[in-house]
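Each chain, letter by letter, is given below.
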Amino acid sequence: MADTGEAEGTDMDTSEEHAGHGGREPTAPAVDNESAGPTAEERADPVHDEPQENVEQENMTPVHVQEGDTLDTSTANNSAPHTDERHLLPEATSDQTTSDQTISDEQHTTGVDGIVLTSPKAGGGGEEGEEAEDVVELTEECPSSSDEPGAQIVRRAPAVEDGGSAAVESTEEAVPSTMDTTDDRSHLAPPDDFEPPNEPSEDAAAEVSYPDMEKKQDAPAEESSMNTHQKHESDVEEMEETKKIPDDFFYDYDTICSQPYISPDSGIPSGVLRLLYSFGYDCTKRANLHLLDDQTLLFVAGAMVIILGLKTHEQQYLRSSSGQGIGAVAVHPNRSYFAVAEKGHKPNIILYEFPSLKPHRILRGGTEEAYAFIDFNTSGTLLASVGSSPDYMLTIWDWKQENIMLRSKAFSQDVFQVTFSPENEEQLTTCGTGHIRFWKMARTFTGLKLQGELGRFGKTTLTDIEGYVELPDGKVISGSEWGNLLLWEGGLIKVEICRKGQRACHSGPIHQFVLDEGELITIGVDGFVRVWDFETVDTADSVDDTGLLEMEPMNELLVGKNVNLRYMVKTMDGDSPVWFAQDASGGIWKLDLSFSNITQDPECIFSFHSGKINALDVSPSTFIMATTSLDRSLRIYDFVGMAPLVDMKFKQGGTALTWAPRMVNPKGGLFAMGFEDGVVRILEVYNATGMRLVMGRSGTQDAAINLRQAFKPHNAPVTALAYERNGEILATGSLDRTVFFFAVGESYEPIGFVRLPGPVRELHWSPPSHEQSTLLVLCENGFAVQIPAPAAVKMDPISTYEVSNLPLSYFRFSSIKSKIEREEQVERIRKNLEQKKKEREAWIQEQKKLGVELSEEDLPPITDDEEEKLPELFVPEEPSPILCGFYASPGKFWLSLDGYDSGFLYLCKFSDAEGQPGDPTLRRDEPESALSVDNTSNNPIHKMHFSSNRQLLFCGMQDGAIRVYPLQPDDPLLKSISNYWSLGVHDNQYGAIQAISSSFDNQYLLTCGADGNIFTFSILSMEDINRDLKVKKAKVPSPRLSLNEEKPVEDIEDPDAYSIENAKQKREHDLLMKQAESKKVGRRRELEMLRKEFKQLLKKNMALPPHMQLSRVEFEMDHRIREEMERQTSERIRTVLKELAWEQEKHSIGLKKLQARFRDKVEFDTVIVRAINSEHQVSTYRLLLLSEKYCKVQGMDGKRRMTRYDLYQKEADVTKESRESGADDLSAMGQGQKHRQRWGGRRMEGRVERIQKIIEKAEKAKSKILQRKQEWDKLYKTKPSEDYEDPDDVLAIKNAKENMGDFKLKTAKDYTVPEHLRINAERKRKELAMLESMIHEHKSSMNRSIMALRDLKLETIEKMKSLGREVRIIQEALDPSKHLPIPRVPLVLADETPEKKFQYDSETLRKFQLEQENRIQAQPATEGGGFGAFDTFGGKQQTTEKQSEPHSRPSTTGTTSSYRMASSQNRNVQNTELSDLEREALRREEMKNLYMQENLIQQMNKLAIDFDAELRIVRHRKMQLDVQMKMADLQHITLFEELLLLKEFEKREDILQEKVNDRITELDEIKRKSEDFFQQLETKRKEVLRLQEREKALHSAFQTSLGEGNKFATFLTKVFKKKIKRVKKKEVRGDEEEDEDSDDDSDEESMYESDDEESESEEGVFDDSVCPDNCDPKLFDNVLELREKRLDIEEALMEEKRMMENLKKECDSLTKKVKIVEGNLKTAEAELEAFQREKQQKLNELYVVVPLKLHQVDYVINGEIPSDLSQALVFTNHSLESLQHRIRELQMEKVEQRELYKKAKEQHKQLIREKKEMEAKIQSLEEICRQQMMMKFGRLVDLETLQTLSVNTSLEELKMKSAQRQDEMDREITQWELKVMETKRNLMEITCDQTKKMERLNELLTEKKSIEAKLDARQTVVGEEFQGPRKADIRERQKLLQLVEMQTQEIDSLKEEILLLSKKGGNILPPAHPPAAHSAGSLV
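What you see is a predicted model, and the numbers here were worked out from it, not measured in a lab.

### Description of the sheet that holds strand 39 (residues 624–629)
Consideration 1: Taking strand neighbours across the sheet as the criterion, the four strands line up as 38-39-40-41 in an open arrangement whose pairing is antiparallel. The two strands at the open ends of the sheet, each matched to only one other strand, are strand 38 (613–618) and strand 41 (643–649). Each neighbouring strand pair of the sheet contributes to a mean axis angle of 20°, computed without reference to strand direction.
Consideration 2: One ladder, built from six bridges, connects strand 40 (residues 633–638) with strand 41; its direction is antiparallel. Bridge pairing in strand 41 links Arg635 to Asp647.

### What about a nonpolar patch on the surface?
Consideration 1: A surface patch of nonpolar side chains, amounting to about 550 Å² of accessible area, comprises Leu1750, Tyr1755, Val1756, Ile1757, Ile1761 and Leu1765.
Consideration 2: By the element assignment, Ile1757 lies in the loop between helix 21 (1673–1740) and helix 22 (1773–1832).

### Quick notes on unusual backbone geometry
Consideration 1: In this model, Phe354 is joined to Pro355 through a cis peptide bond whose omega is 10°.
Consideration 2: Positive phi, normally seen in glycine, also occurs at Gln502, with a value near 60°.
Consideration 3: Following the sequence through the fold, Gln502 ends up in the loop between strand 28 (492–498) and strand 29 (510–516).
Consideration 4: In this structure, Met642 is a non-glycine residue whose phi angle is positive, near 55°.

### Topic: a negative patch on the surface
Consideration 1: Together, Asp1283, Glu1285, Asp1288 and Asp1289 line one region of the surface with negative charge.
Consideration 2: Of note, Glu1285 is situated in the loop between helix 13 (1245–1278) and helix 14 (1287–1299).
Consideration 3: Since its relative accessible area comes to 55%, Glu1285 is described here as exposed.

### Description of the packing of aromatic side chains
Consideration 1: Following the criterion strictly, the structure yields 38 aromatic pairs and no others.
Consideration 2: Ring geometry for Trp659 and Phe671: centres 4.9 Å apart, planes at 40°, overall tilted. With Trp659 in strand 42 (residues 654–659) and Phe671 in strand 43 (residues 670–675), this pair connects stretches of sequence that are twelve residues apart.
Consideration 3: Residue classification places Phe671 among the buried residues on the basis of a relative accessible area of 0%.
Consideration 4: Ring geometry for Phe711 against Phe742: centres 4.4 Å apart, planes inclined by 40°, an arrangement best described as tilted. Highlighted residues: Phe711 in strand 45 (residues 703–711) and Phe742 in strand 48 (residues 738–743), separated in sequence by 31 residues. There is no split in this pair, since Phe711 and Phe742 are both buried.
Consideration 5: Aromatic ring contacts, followed pair by pair, group Phe711, Tyr723, Phe740, Phe742, Tyr748, Phe753 and Tyr801 into a single cluster.
Consideration 6: The ring centre of Tyr1181 lies 4.4 Å from the NZ or CZ of Lys1518, which sits over that ring.

About the criteria used
- Residues numbered from 1 in each chain as written.
- Predicted model: local features only at pLDDT ≥ 70, side-chain atom pairs only at ≥ 80, totals over all residues.
- Heavy atoms only, no water.
- Pairing = 2+ DSSP bridges.
- Helix = DSSP H or I, 4+ residues; strand = E, 2+ residues; numbered from the N terminus.
- Axes fitted to C-alpha atoms, helices over the stretch in contact; angles between N-to-C directions.
- Patch = residues over 30% accessible without salt bridge, like charges linked within 9 Å, V, L, I, M, F, W, Y side chains within 5 Å.
- Areas by Shrake-Rupley, 256 points an atom, 1.4 Å probe, with all protein chains shown as cover.
- Salt bridge = Lys/Arg side-chain N within 4 Å of Asp/Glu carboxyl O.
- Lys, Arg positive; Asp, Glu negative; His and termini not counted.
- Charge placed at Lys NZ, Arg CZ, Asp CG, Glu CD.
- Buried < 20%, exposed > 50% of the residue type's maximum accessible area, 1.4 Å probe, protein only.
- Phe/Tyr/Trp six-rings, centres within 6.5 Å; stacked < 30°, edge-to-face > 60°.
- Lys NZ or Arg CZ within 6 Å of the ring centre and 35° of its normal.

Structure follows, in structure tokens:
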């Protein structure tokens, strides 16, 4: 099989040796264990367990028969190896899987008596596959000659189907069986009375092979197989009926169920333990809840199937046949059978009948290790199973015949589920990790195949699929990890379904889908059961590219908080359906999903632990046990009464539990419990009958739990708890590597803790037999520590609770397993050598007896051929983890380890500290000895427990089995441990036993496992148990007397609370800090005293005379000290600033963020303005700034799609604009004609004037004619067409149709939404934005008014204060008796100026800091439970109350009493001394002051009254605005709801509107094209008529040219009419145009050729190229010319007609398209109209609040408003009045229209008469005009043409242009002459310059020659090569000569040019040779 696990298109090998032996050569075949019969003893007490299996595997010779091999048992005695040719199976693909079974699960051989022996099958099927052969078994006893038990003989009836062949071989005798295995299924056979059919003959042979695998030498075997097939083909039909297993056949349950394993010859009775009850439930297993009938549940617990009665709560148990766990269960559709799929090696599927519970069928060989899921088809005839790792095999069973029909590997990863389709039983679906697969059972020419197709996720994220359901139409709906529904069709995801707003359908995976009565039900991990509309889901499709479809469930039910639903089953309770649900959180729920008014609430009928159970313990005084797990629950059970008593929930999961011994609590109701947050709680269970509830917790039955104490000794999960043997000390161990000790009493007081080198696994106190009480601590990392018991007294250490004075003994495990194995190997080798020596001595003696003398060379050497290499010693670097252990004797203990060192129990001893390193982690301690434990190498002991008399050792294994070892009394070293009793109870894969305990009376054993199951066993016989159960019931301890009066204990609920040690450290730290602070305070106090003394000295110094005073410098002892102090101070300041820089920046940024988040968005805060003299007040609206999105929505145009109404409006506007633009074009054309540019030039004045006059006259005539034409055009434009309708009239008619008649209600079913009233999301957003803007504007305006009012109040207060000060000044001069009360000046409260709250300074910050410090100091130092909940760890400080400083309000009276008394005394003195005049002045002054006083007070009162009046006005306005804003808020809610609704419809509306717009655009485009084609067609018609007229004129001209009586008329007529072939002249065009015209050219050429043929076929052949004699040549040439013109006209006419035909075809096709598009447009508009109606109906369902007053309600019945207003209609008064007014208007309009109709009729008659008169007048005028023209001109002429005749303007224009051209040429010649003169002058200058240069050059050359001559004369001749002229000079000379020649040529050319220019009309030609460029270098 391919590694991918996708075995598609291949046959699966089901042989026993398929797993693990594929690479070895096959050996001699042996009889399979399944065919080996058990002995009589084994049949009496069949046991199957691991030891036997291991022994048998060692002694067994495996049979390996490869694919393509023929099983031949004749080789069994020879033991010859059988070789084979291997065949590599094709690699699987990922999309298609095809697999079938071609052979049976076992091969069989035939003996001499025709009985078939079974053995492992020889091989699988071929590539094409063969049908599995059906076999039927019968068991018999086969006699055996040996002492071994006889082999079990199985009769098989082979059947050949669809090309399959039976593999049959002959053998002489049955092979005896010497083996037995745990999985012995030899007893699983049909009844003995079932007779097999006749067996085939011995010579019949067949072989099983794959196609294309056999070699040529295998041909005879193949022929034999075919012969056998043909020979027995006739017998197959006869065997059909006999081979079936009878329907009434049943197996014996006692023989198939697993039995406990007992060591051979041990004498241990089989009934050591008997199962009594199960308190557990594997609630996390998939589909682990089924219904057998309405009152019976079926589920799996460990290795058992539990059948639970709902009413009686009685349990029935079915054990697995393998002794291992159970993978899955399924119930037959008719509930008469149920299937149990097991775990283990080659597990079975057993089908039981219900209610008899008899095993009915056993299905074998479906998987390797365990089944994951099974399912029946709808009819119940087939069973599908899927295995787990490693094979993941999907198998289809004919379960009634125990046959495999089809099989294939389902996937390469975990497969969660397999189901048949309910509608098509040939279709299956599987799902699992990252996949879903769709299977079909397809019939091919080779047989039935199983084909699988993987679901492709596409754009959807890959997900694990937990649940799905097949829909009737073949689709599949599945779940996803994120909770959405996936609809699969054709192997692809059609659509993903979510809830509105793209919310997930469930919060997490969906575990189950159910189709029930047309509804789709889903259950998920979120605890919700949701019901969906099946039709909507089935027809769902994506609406956009996201692939999502939003919909809401019809109903939903939340089962409960923290509920995790996994599976549901349905039953009927009477007529109402009831659902039972599996809760993965540990429960079974009863649900009512009727969703009606009487729907019952969910009911939890059973509650269990969820997941792994961490701890279990039993009360020492009664039959009560307590359990806990990480599901945060504590549960108390009565295991004798088989009922739960009470449970309690916590905020953290439980990790450890132990019951207090009887010396601590004689009643047995007290226990300690550890939690994962490090907290330990002391709890007590008591009988709560008659007592009030404690702490609000209610228990079931008569038990309750009370919290005695809670403390926190650890910071990590508590893993172990143990009471000292005397009950005085409680030890707690944790993963934080500490053990804490507590003194046990009324309250548990801490003693101290000890640190350990590893996490604590177990704690064991030494037994009473030991003299010293010590604690054995077993750590997970291989350490064991022994701690002496500390003194059981409360400790209150100073700094820490760590106990350092206890002598600890350490043991760090060092492996000796490799040493033991090495010693065993050495011992084995030694025994082999001794045996060989004995054999050698015996051989020598034998040879001596025979008289053979042997020399040393003859003696055989002693060789050890089997000597094996000794294993190397291996010690793991890290010790193996310790699982459990216990004390053996003082200082010695036993350990059970996991990992490498499993398989032994190690006896260890604590060694002395001498010679060992001080660091325990460096120690290496080896055990004293090791005790080998059978079958524990891969299955170590997890837990051990002794019975009370220590004669039974109970061991809990990793695979969930229980072992019982009998021991001798007083055997701590386990010398008597050897035999054992074993039974598997928990799940073998994940059910490791976590705790095992026995009852106080040693009669019951209890176990709990990681699979969540709890089992109760009896240790006595069942008779005693049944007798005891009738009278026994757990006695719940009675409550303490003081329990009712005690206050509830404060629990520790915070997981981050301080532990005891941390609290101690915190308290010590706080104490040190307090002491440091007190020292600081003392130092500061001393400094303050010294500072005061220094200040006193300075004062004394200042009081001294100056000459005696000391200067300030003299007080300074050393200036360096001051400088150093200042330096240190500045350094500290800088350091502090640096340290606080980050914090400062952090808080600064935080403040900015807070301001940006909470303040910057606030435009107006709430400001309350209060009145001065009343209680009135007014407040502003707290207003936020408008968000940017509303500003954008408000400012931007609506980007919505144009509706048809908008398009029509736009079209009307465009038409109107086109009309206006047309009129403008005509006027512009007239203006252009009026302002045509006039031609003119230099002419003689007389001629010009004459021409101008003629032209002006013609222009005037033309303008007059043009004006007349424009008037006529204007008049004709005003004439409407026959079908013309005024747009205003059209709009009026449309408006009347829409608004006249009955008032259409939007709630009407036939209401049609007008296009201009249709609303969409964009428009609604605009409305919402406008509303919010309006609300914001109104509120802002009101806020500004209120803020202005507040400013007015502030001004008023200032004025009143000012006036008050003036009054007080005046009152100072008045007698106090005449003082008037000054009005109170109001205060500005904080809520009137809230902005001041955000204004702060350093003083404000300092006050805030002081408040914070006071608050911190006021808080208690420790809080209850925070430091381990011990009061001694820090008492609660009393909070200090803040001293509130009295805030005195400022006095409103301005003067003091003393000042008033002084002023009164002065006035009294003055009164006695003043004169009358002075008194009069004083009196007047007093009157003035009184008046001023009264006036000022009145002003103050007026200010207050005016402000209050203004405030009341603003308040009134705000109240009105509040009403409006409330209405606006209601409208806002309505608009928002409408917007949400419109957003749901937006996508569909856009699609439909776009569809309509596309149709309109398409229709307009087609119409435009059609109009263009019609115009072109009309143009072509006119062109054809014009050509026809030209043709007629041409014929007339020909006849005219012939004249009368021309004798060559016939000949010339033939020449004229002759059709000749002419080559069409083409212009040079591109290749594409030539290709396009090629077809047309070919048509024309063919046409011409046909014309030629026709012309040639006429009367003979004549030569039209020669003029006949006596014929006028001019006439002949004229005829030829006319013929050419005729041919041109005919060609053009033919071309135009052809184009007309094409245009007609195009017009016809466009007309058809218009009809089609109009139909599509109507359909799209109908869909849009239906959608708009649906949208309007949805909008109508929204509620709108309309406040009404009573007088506005006209809907009354009997004078009262009815209670039901559903029939009422809310209608505006304006609309009602308009309707009433419309009635009157219509009546008046009716009368007016009738009058208008009469007047129009009369006017119509008058116009008809006037029309006739005008026509008659026109005719008479036309007749007169004709007569005048005949009289004047003699013929009819065109008057317009005549009027526009003038001079020959063209000729005149040409003459004027010629004169202008002549003038231009003259000017140009003059310019050229000037240029020539200038050029000559330049040439002369250049020539002179060059001449000078030549002369200079000549001089230089002459000078050069003279110099050279002088030089030659002075020097001797050195070489002749330098003599003669130089080459450079020669080249230079040549250049100059060439230059001269070129200049000469240039002069000549210029002369010629001058001559040409001097001639009149001469043309200037370019020079023959252009002048050469003058380079500067050539002249030098």
